[in-house]
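# A look at the structure
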Amino acid sequence: MKRTLLISLFFLIVMSGFAQEPIVKISSGSLRGATERDVTSFKGIPFAAPPVGEFRWRPPQPVTSWEGVKNATEYCADCPQRQWPGATSKISEDCLFLNIWKPADAVKGAKLPVMVWLHGGGFTGGSGAGPGSAGDAFAKQGVILTTINYRLGRLGHFAFPALSHENAEEMKGSYAYMDQIAALKWIQENIEEFGGDPDNVTIFGFSAGGVAVHSLLSIPSANGLFHKAISESGGGRDGVLTGRPISEDNYDELYPVSAETIGINFAKRYGIEGTGKDALNQLRALSMEEVLDGGQENDSTGARTYSGPILDGKLVVETAETAYHAGRQAKVPLMIGSSSAEIGGAFITSSQTKEELFSQFGDLAAEAKAAYDPDGNKEFAEILIQFTTDWGWAEPARMTAIAFAEENEPVYVWQFGYVPPAARERSPYGAGHGSETSFVFNTLNARWGAQGEPTPEEKELARIMNTYWANFAKTGNPNGNNLPVWPQYDIQQAEIMDITLDGKVTSIPDPRKARFDVLEKAFKNRAKIQTRGI
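What comes next concerns the included structure. (Residues numbered from 1 in each chain as written. Predicted model: local features only at pLDDT ≥ 70, side-chain atom pairs only at ≥ 80, totals over all residues. Heavy atoms only, no water.)

Let us look at the environment of Ala470. Mapped onto the elements, Ala470 comes out in helix α15 (residues 456-475). Counting along the chain gives 381 residues from Ala470 to Ser89, while the straight-line C-alpha distance between them is 29 Å. Residues in contact with Ala470, not counting those within four places in the same chain, are Phe138, Gln141 and Val143. (Helix = DSSP H or I, 4+ residues; strand = E, 2+ residues; numbered from the N terminus. Contact = heavy atoms within 4.5 Å.)

Quick look at the structure:
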């Protein structure tokens, strides 16, 4: 009798495990995920065919269907990128995968809001995998979180004369954006099977991912694939990871070398001469490692060999700034913001003193000095990091917010300034690039650097920010759930949500207004002030 009971108990446990095994059938086949407590995840789902061989530098191709049930419990390869010593992640050109986290009890018909994360990394690094962007906290808030990979570096943005003439009907240039659009189309086709609502999709991204959000807001073929947008440290104005002309040199003062010329420079790097079909075949025959070229963006002579995003005229028809000024962007609710001290050093300007920097403003020099150094006693390092932050990210965020507000779309603006106490000595001027992401995802234990165990105050800040983002995905308004009130952006009042150095969350009139006002005027001379297009 005892033996029979034990066998029965074992059988029930085993069957219970099978009953809970999450399997979802999508357009290309069935997937097996994994459930941990109240969150189910599906990882390594292909949303496009491997972009290899003849499909290198081609738009993403459809996935080949499979028989049986595909295991979707492990991340797949990252897209090719320079790897630092000690890196353990696998890289491969076969990298067009996405990952999904959902509430364990979500089923088809639940119509949960969907968020799609576009990772940062300057369009040359990063991935949709890893603990820092895991979607468990969002799933626990009733949101389906999707992270994606997209092609990087020369595999993601590349032009060459023969490539421009090949398959003339296809889009060219920024294959990274094509991958992102392909992932959004996959979501439209399949997300209902996971319990998601294809009519309530929010795209959000940080750094290059934030730039991609701006691009998707202004790329015609992305229209209708998402319904809300969040750009974290993504800028918005021309000159910071924005479109380089595909074939015309000296057309853009910040990007004087065209993408095709850069492609020719890269071909010469490997002794490939000419610009025709034979040269293109040789480029496609290069190994992944040769295309990566150790992450180098220039050759030994200083000639540029990597283009970054490309303005091709068919996929990317205009820059986001141009679209915003003309009111041609997607009409969707927007959240936008940046960190308080993004990046220092010679990122935007090569000026070596504050006097030299202010002199670049020409007839606005006195106004610039009054805005950035009113008492004349600030260190150049502080002025430089404020200027760089404002020029590259913060003022462009205001410009974007105004453009959306003028179209009567709800806009919410933030500044993230929290710095952990242990880091304040090395970050005396505020929060650096990407500081907010672990709070947005509520993944504090995966923060960059040795930040230590999260404090109760940090956990509360992460809860607040994760809930703001989830609320926005649900309704287009971050407010609710007894959070501090975040006012909708009004052009006259210009109130923002300010997360202070010590982590306080408060709404205030934007304290950076004087700095932004002078920069807005100075952009007419941007090529003189901004030393290089980034």
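Back to the text.
Before going further, it helps to spend a moment on helix α7 (residues 259-269). Restricting attention to buried positions, one finds in α7 the residues Ala259, Glu260, Ile262, Gly263, Asn265, Phe266 and Ala267. Looking one or two places after α7, you find Gly271, whose phi comes out positive at around 70 degrees. (Buried < 20%, exposed > 50% of the residue type's maximum accessible area, 1.4 Å probe, protein only.)

Scanning all chains against the criterion turns up 25 salt bridges. Residue Glu36 is joined to Arg37 by a salt bridge in which the shortest nitrogen-to-oxygen separation is 3.4 Å. Like Glu36, the residue Arg37 is exposed in the burial classification. Notably, a salt bridge pairs Glu460 with Arg463, separated by 2.9 Å at the nearest N-O pair. One end of the pair is Glu460 and the other is Arg463, both in helix α15 and 3 residues apart, which spans about a single turn. With a relative accessible area of 36%, Glu460 lands in the partly exposed category. Sharing partners across several salt bridges, the network here consists of Arg237, Glu321, Glu395 and Arg526. (Salt bridge = Lys/Arg side-chain N within 4 Å of Asp/Glu carboxyl O.)

So, about the environment of Thr147. Positionally, Thr147 belongs in strand β8 (residues 144-148). On the accessibility criterion, Thr147 (0% relative accessible area) is buried. For the pair Thr147 and Ala176, spaced 29 residues apart in sequence, the C-alpha separation works out to 14 Å. When near neighbours in sequence (up to four residues on either side) are disregarded, Thr147 contacts Phe97, Leu98, Asn99, Trp101, Trp117, Gly128 and Ser133.

Attention shifts here to the sheet that holds strand β2 (residues 29-32). Adjacent strands of a sheet form backbone hydrogen bonds with each other and so pair up, either parallel or antiparallel. Spatially, 3 strands are ordered β1-β2-β5 in an open sheet, and the strand pairing comes out mixed. Either end of the sheet is taken by a strand with one partner, and the two such strands are β1 (23-26) and β5 (69-71). The average angle at which neighbouring strand axes cross in this sheet is 35 degrees, direction not considered. In this sheet, β2 lies alongside β1 in antiparallel orientation, the contact comprising 4 bridges. If you follow Lys25 over to β2, its bridge partner there is Ser30. (Pairing = 2+ DSSP bridges. Axes fitted to C-alpha atoms, helices over the stretch in contact; angles between N-to-C directions.)

On to the packing of helix α5 (residues 175-190) against helix α6 (residues 208-218), then. The N-to-C vectors of α5 and α6 enclose an angle of 75 degrees; their axes lie 11 Å apart at closest approach. Taken together, the axis directions place α5 and α6 in an arrangement best described as roughly perpendicular. Touching Tyr177, Gln180, Ile181 and Leu184 of α5 are Val211, Ala212, Ser215 and Leu216, all from α6. Of the residues that constitute the contact of α5 with α6, the class distribution is 6 nonpolar, 2 polar and no charged. (Parallel < 35°, antiparallel > 145°, perpendicular 65-115°, else oblique. Nonpolar A, V, L, I, M, F, W, Y, C, P; charged D, E, K, R; others polar.)

The next subject is the nonpolar core. Judged by nonpolar contacts, the single largest core of 84 residues is most densely connected at Phe194, Leu217 and Phe226. When residues of this core are assigned to their parent elements, the largest contribution, 10 residues, is made by α5. Among the nonpolar cores identified, the runner-up in size contains 38 residues, and Tyr412, Leu444, Trp469 and Ala473 belong to it. (Core = buried A, V, L, I, M, F, W, Y, C linked by side-chain atoms within 4.5 Å.)

Packing of helix α13 (residues 380-406) against helix α16 (residues 513-522) brings their axes to within 10 Å, and their N-to-C directions diverge by 85 degrees. Taken together, the axes of α13 and α16 are roughly perpendicular relative to one another. Residues Gln386, Phe387, Asp390, Trp391, Ala394, Glu395 and Arg398 of α13 form the contact with α16, whose own contacting residues are Lys513, Arg515, Phe516, Asp517, Leu519, Glu520 and Ala522. Along the lines of polarity and charge, the residues of the contact of α13 with α16 split into 6 nonpolar, 1 polar and 7 charged.

With mixed pairing, the 11 strands of this open sheet are ordered in space as β3-β4-β6-β8-β7-β11-β12-β15-β16-β17-β18. Sheet topology places β3 (34-36) and β18 (505-509) at the edges, where each strand pairs with a single neighbour. Neighbouring strand axes in the sheet, compared pairwise and without regard to direction, differ in orientation by 20 degrees on average. Strand contacts of α6: β7 (112-118), β11 (196-206), β12 (228-232) and β15 (334-339), with the helix running at about 130 degrees to β11, the strand carrying the most contacts. Across the sheet, α13 touches β15 and β16 (411-416), and the angle it forms with β15 is around 165 degrees.

Tallied over the entire structure, the rule returns 1 disulfide. Between the sulfur of Cys79 and that of Cys95 lies a disulfide, 2.1 Å long from S to S. The sign of the 90 degrees torsion about the S-S bond sets the Cys79-Cys95 disulfide as right-handed. In this pair, Cys79 is assigned in the loop between β5 and β6 (97-103) and Cys95 in the loop between β5 and β6, connecting sequence segments 16 residues apart. The two residues Cys79 and Cys95 agree in class, both being buried. Considering cysteine sulfurs only, Cys95 is the nearest to Cys76, which forms no disulfide, with 10 Å between them. Given a relative accessible area of 34%, Cys76 falls into the partly exposed group. (Disulfide = S-S within 2.5 Å.)

Glancing now at the environment of Ala159. With respect to the helices and strands, Ala159 occurs in the loop between β9 (157-158) and α4 (161-165). In this structure Ala159 comes out as buried when scored by relative accessible area, which is 3%. Separated by 88 residues in sequence, Ala159 and Ser247 have C-alpha atoms that sit 8.2 Å apart. Non-local contacts of Ala159, meaning those with residues more than four positions away in its chain, are made with Ile246, Ala259, Glu260, Gly263 and Ile310.

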